[in-house]
Amino acid sequence: MNEINMALCSLCRAIPFNQLPEPHSLDDGWCRVFDESELPLMMCRGHEHGPENPIGYSWHLGLGALAASADTCTLCSIIHQGVQRWLSHFEQGRQTQFYEEFQDTYSYSVPTEERLWLTKRFGGGPGFVVLARESRGGEIHLLTGVAFSVDASNPAAQTIQLRPSDLDSGSVYSLDIAASFLRKCHDQHEGCSTSESLLPSRIIDTGSPDGLIRLIEPQGQSGSYACLSYCWGEIVNFTTTHTTIESRRQGFEASELPKTMSDAVRLVRHLGIRYLWIDSLCICQDDREDWARESSRMAGIYAGADLVIAVNRGSDSSAGCFHIRPARPAGRADLPGYANDVHIELIYNSDELDWDHGGFESEPLSNRCWALQERVLARRILHFNSRQMYYECNSGIIGEDGSNSSRRFGMLKDLDQSVVSWEWPSADYLWYSLIGDYGARALTQPTDMLPAMSGLARLFAAKFRADYVAGIWSHSLLKGLTWQCIGSRQPVSQDQYTGPSWSWASYGGMASIGPSGKFNDVAEVLDWEVELKTQANPFGAVTSAWLHIRAPIVSLIHVPAEGDEAVHATRLERAGLPPIVLVKTSYSEGLEEDIRISFDNDEIPRTGAWKDMEMKLMILVARDPCFDEDDDGTHGVVFSLVVTNAGDPSSNRMKRIGWMFISDTEVERILEDDTNRRTVYLV
């Protein structure tokens, strides 16, 4: 690593490193400029955040002054490189097709002439962050920041506990950092279990006296073990099969394993964990019954592990846990009033303000469906990412550079709480939050859409005491139908059945949680039926499913876009987005706004396929007027599905193709006509 070693400028020498203000509050919310995680933008509301008021410790007058000082000051030079990174992300975002078209709406600007301010880091780690006001006012940019660390031999090591990182994540130094994460969790975290678990029916023993690795069958033995979570890739060239199982029991060298697995063996030995579970070695890959039996136990296996090793950076089993990480701009300096010989390293904005709560969305493993339950079920996880290691447990997520979030991904411990969030009981909210993340991930086999969530579903079933209806829970079926497809809107498969049209399991893209607020049922589910692919897993793949539902159903009438709507539709098309489809019902007379359909499959509006469909509105739930009255005295919106005939109209079978919100005024008119209530099969 090429470190910058220069004197500090007078402005930097005057910084009160130990007494910097707290970071800006996130209570007003924050967003990402151009949907880029390295460009966080914090909202400011209220007069106390006016342009004349400080938002931190006053530093340089602007970006020009920082650049001028970067040639002669270590700290300014590192920060300047962080600002250049920010500017690069800003320019890339501004040139995307969507934002080029709608730049009048998203008129963000580079805060060239805005004063720079310093505060403590958002997670409380050693160092500081650099802020600047958005030039148009009302918002604050997080431009960059630095982490401070010291060597263990430094006199300040007792108070500054962050240590410099090594570029090699597999060095003994780096593995010692990993061990310190685990040791601190065991010793200090009351909310993290340290109890031994029943060992899986097969597991790898890495602690034999002869140094060989063996596949053993513990027969009810308890102990501490680790699990490996990784991407297989196209081919895994070292597996357990009927042919190889005996040789696996006899023992083999770690060097025979793919690099990811051999690295994992080296890691657990360094951590003092003897047993390691790897799916490709502990499940007989050419035995269908063994696979069905052992894969159904995966939830318990990952939940019982003392540690899950998540190789997020690797796209296949040859990538390895360890690699040489990219060097960050860094230097060393004496910081007056703080410490001497301090290591200064640039941090990433996406670690300081974590948009996806540690989802690590850019890493290959984080885009795999099966990896979701492996992560959220784990007691603790050691993440090997492209940039750094992260350690995650019930106390949160911490990175090698001191980035720190008090919230872990998934927060499965919330299952034991009765907190109400968005008027959903917390377990319901947590389930659909996980489904939202899950939908953005990929599968090698589309038919695994439900099986890859079956471990989590089994756990939630014990909490809900409800039936699992192709991904929807029977205790809140109508609410469960209100998911909204966002992101990549397309079927999981064009030719394989993954679930009914009304289940999130049939679509790719994120299935966003339903509408917020307290809603009353308008429709009624009379009955349902689900045919399972295998009775051994009631939470797994299905071959068919239907709901027998009674609901107000009315025809939709297309309304051609005119005026501003027509202009907006043209701009959407230029931006590469599907065209909007506006509709109304025969009960819309006198109402000002037409209704916009949100299709579950973007190809329907792109190709105009909707023109050949007899689209109808199916009303599901309506906002409770006692819960949330609008200023005009009405009580808001009603969630409805957009459905069409599934086959012969006389069969009374319909399928979901989208959703929409409709005003309560129009709904009241529809409900007054009893002939609109129909009983149909939703398939």
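Residues numbered from 1 in each chain as written. Predicted model: local features only at pLDDT ≥ 70, side-chain atom pairs only at ≥ 80, totals over all residues. Heavy atoms only, no water.

Next up on the list: the overall build of the chain. From N to C terminus, the chain includes 18 helices and 37 strands. Seen along its three principal axes, the alpha-carbon backbone of the chain occupies a region of about 80 × 75 × 40 Å. Evaluated residue by residue, the chain yields a buried proportion of 55% over its 683 residues. For the chain, restricting intrachain contacts to residue pairs at least 6 apart in sequence, the fraction spanning at least 24 positions comes to 70%. Here the chain displays about 29,600 Å² of accessible surface, and carbon together with sulfur accounts for 47% of that area. When the 59 basic and 93 acidic side-chain charges of the chain are each reduced to a single mean position, those positions are 4 Å apart. (Helix = DSSP H or I, 4+ residues; strand = E, 2+ residues; numbered from the N terminus. Buried < 20%, exposed > 50% of the residue type's maximum accessible area, 1.4 Å probe, protein only. Contact = heavy atoms within 4.5 Å. Areas by Shrake-Rupley, 256 points an atom, 1.4 Å probe, with all protein chains shown as cover. Lys, Arg positive; Asp, Glu negative; His and termini not counted. Charge placed at Lys NZ, Arg CZ, Asp CG, Glu CD.)

A separate point is the environment of valine 621. Relative to the elements of secondary structure, valine 621 occurs in strand S34 (residues 616-623). Sequence-wise, valine 621 and valine 638 are 17 residues apart; in three dimensions their C-alpha atoms are separated by 5.9 Å. Other than its neighbours up to four places away in sequence, valine 621 contacts Leu478, Thr482, Phe519, Asn520, Asp521, Val522, Val638 and Phe639.

A few words on the nonpolar core. Trp431, Trp473, Trp504, Ile549, Met618 and Leu620 are the most contacted members of the largest nonpolar core, which has 61 residues in total. Looking at this core element by element, the count peaks at seven residues for helix H13 (residues 426-439). Leaving out residues up to four positions away in the same chain, methionine 618 has contacts with Ile549, Ala551, Pro552, Ile553, Ser640, Leu641, Val643, Val680 and Leu682. Core analysis: the next-biggest nonpolar cluster, separate from the first, contains 59 residues, Cys231, Met261, Val265 and Trp277 among them. (Core = buried A, V, L, I, M, F, W, Y, C linked by side-chain atoms within 4.5 Å.)

What follows is about unusual backbone geometry. For aspartate 35, which is not glycine, the phi dihedral falls at a positive 60 degrees. On the secondary structure map, aspartate 35 appears in the loop between strand S2 (30-32) and strand S3 (40-43). A positive phi angle is found at asparagine 652, which is not glycine, with a value near 60 degrees. Take asparagine 652: it is sitting in the loop between strand S35 (637-645) and strand S36 (653-663).

Here we come to the packing of helix H5 (residues 172-188) against helix H7 (residues 259-271). For the pair H5 and H7, the least separation of the axes is 10 Å and the interaxial angle reads 60 degrees. Between H5 and H7, the angle falls in the class oblique. When you trace H5 past H7, the crossing you get is right-handed. Packed against H5, whose contacting residues are Val172, Leu175, Asp176, Ala178, Ala179 and Leu182, the element H7 presents Arg266, Leu267, His270 and Leu271 at the interface. (Axes fitted to C-alpha atoms, helices over the stretch in contact; angles between N-to-C directions. Parallel < 35°, antiparallel > 145°, perpendicular 65-115°, else oblique. Left-handed = near helix turned anticlockwise from the far one by under 90°.)

Moving on to the sheet that holds strand S18 (residues 389-393). Strands sit in the order S10-S9-S13-S12-S14-S17-S18-S19-S20 across an open sheet of nine strands; the sheet is mixed. Every other strand in the sheet has two partners, leaving strand S10 (214-216) and strand S20 (404-405) as the edge strands with one partner each. By the bridge criterion, three bridges tie strand S14 (residues 307-310) to strand S17 (residues 381-384) in an arrangement that is parallel. What sits directly across from isoleucine 309, in S17, is leucine 382. (Pairing = 2+ DSSP bridges.)

Okay, the sheet that holds strand S32 (residues 595-596) next. As summarised here, the arrangement of the three strands in space is S30-S31-S32, forming an open sheet in which the pairing is antiparallel. A strand with exactly one partner marks an edge of an open sheet, and here the two such strands are strand S30 (557-558) and S32. Sheet topology places S30 next to strand S31 (residues 582-584); two bridges connect them, and they run antiparallel. Considered in S31, the bridge of histidine 558 is made with valine 583.

This part is about the pattern of salt bridges. Applying the stated criterion across every chain, the model contains 25 salt bridges. Notably, a salt bridge pairs glutamate 217 with arginine 249, separated by 2.8 Å at the nearest N-O pair. Placement of the pair is glutamate 217 in the loop between S10 and strand S11 (222-223) and arginine 249 in helix H6 (residues 245-250), with a sequence separation of 32 residues. On the accessibility criterion, glutamate 217 (34% relative accessible area) is partly exposed. (Salt bridge = Lys/Arg side-chain N within 4 Å of Asp/Glu carboxyl O.)

The residue serine 506 is located in the loop between strand S25 (484-491) and strand S26 (507-512) in this model. Within polar-contact distance, the side chain of serine 506 engages the backbone oxygen of serine 503 at 2.8 Å. Those residues in contact with serine 506, other than ones at most four positions away along the chain, are Pro491, Val492, Thr498, Gly499, Pro500 and Ser501. (Polar contact = N/O pair within 3.5 Å; in protein donor to acceptor, adjacent residues only side chain to side chain.)

On to the state of the cysteines. Enumeration over the complete set of coordinates arrives at zero disulfides. Here cysteine 31 is not disulfide-linked; the sulfur of cysteine 44 is the nearest cysteine sulfur, at 11 Å. The buried category is assigned to cysteine 31, whose relative accessible area is 17%. Here cysteine 282 stays free of any disulfide, with the sulfur of cysteine 227 as its closest cysteine sulfur at 8.4 Å. Exposure remark for cysteine 282: the relative accessible area of 0% places this residue in the buried category. (Disulfide = S-S within 2.5 Å.)

The two faces of a sheet get side chains in turn, since along a regular strand they alternate between them. Sheet analysis places strand S33 (residues 598-599) next to S36, joined by two bridges and oriented antiparallel. Following the sheet pairing, phenylalanine 599 is matched in S36 by glycine 658. One ladder, built from nine bridges, connects S35 with S36; its direction is antiparallel. Note on S36: the bridge partner recorded for serine 640 is methionine 660. Two strands pair when backbone bridges link them, and S36 and strand S37 (residues 677-682) are joined in this way by two bridges, in the parallel orientation. Within S37, the position partnered with methionine 654 by the bridge is leucine 682.

Burial analysis of helix H12 (residues 369-376) places seven of its eight residues in the buried class, which makes it a mostly covered element. Every buried residue belonging to H12 is among Cys369, Ala371, Leu372, Gln373, Glu374, Arg375 and Val376, and all of these are buried.

Attention now goes to the packing of aromatic side chains. What the rule picks out here adds up to 27 aromatic pairs. With 5.4 Å between their ring centres and 75 degrees between their planes, tryptophan 431 and tryptophan 473 make a pair best called edge-to-face. A residue pair is termed long-range when its members are at least 10 positions apart, and tryptophan 431 in helix H13 and tryptophan 473 in strand S24 (residues 472-473) qualify at 42 residues. Like tryptophan 473, tryptophan 431 is buried. Counting every residue linked through ring pairs, the aromatic cluster contains Trp431, Phe460, Phe464, Tyr468, Trp473 and Phe539. A cation sits over an aromatic face here: arginine 85 above tyrosine 348, 4.0 Å from the ring centre. A cation over a ring is seen here: arginine 656 above tryptophan 483, with NZ or CZ 3.5 Å from the ring centre. (Phe/Tyr/Trp six-rings, centres within 6.5 Å; stacked < 30°, edge-to-face > 60°. Lys NZ or Arg CZ within 6 Å of the ring centre and 35° of its normal.)

The next thing to look at is the environment of leucine 346. You can see leucine 346 is positioned in strand S16 (residues 339-346). It is 27 Å that separates the C-alpha atoms of leucine 346 and glycine 138, two residues lying 208 residues apart in sequence. Here leucine 346 is in contact with Ile78, Gln81, Gly82, Arg85, Thr144, Gly145, Val146, Arg328 and Pro329, once residues within four sequence places are set aside.

With 94% of its residues at a pLDDT of at least 70, the chain reaches an overall mean of 89. Per-element confidence in the chain ranges from a low mean pLDDT of 44 for strand S21 (residues 420-421) to a high of 98 for strand S13 (residues 275-277). For residues 626-635, every residue scores under 50 in pLDDT, and the model assigns this stretch 13 contacts once sequence neighbours within four places are set aside. (pLDDT = per-residue confidence, 0-100.)

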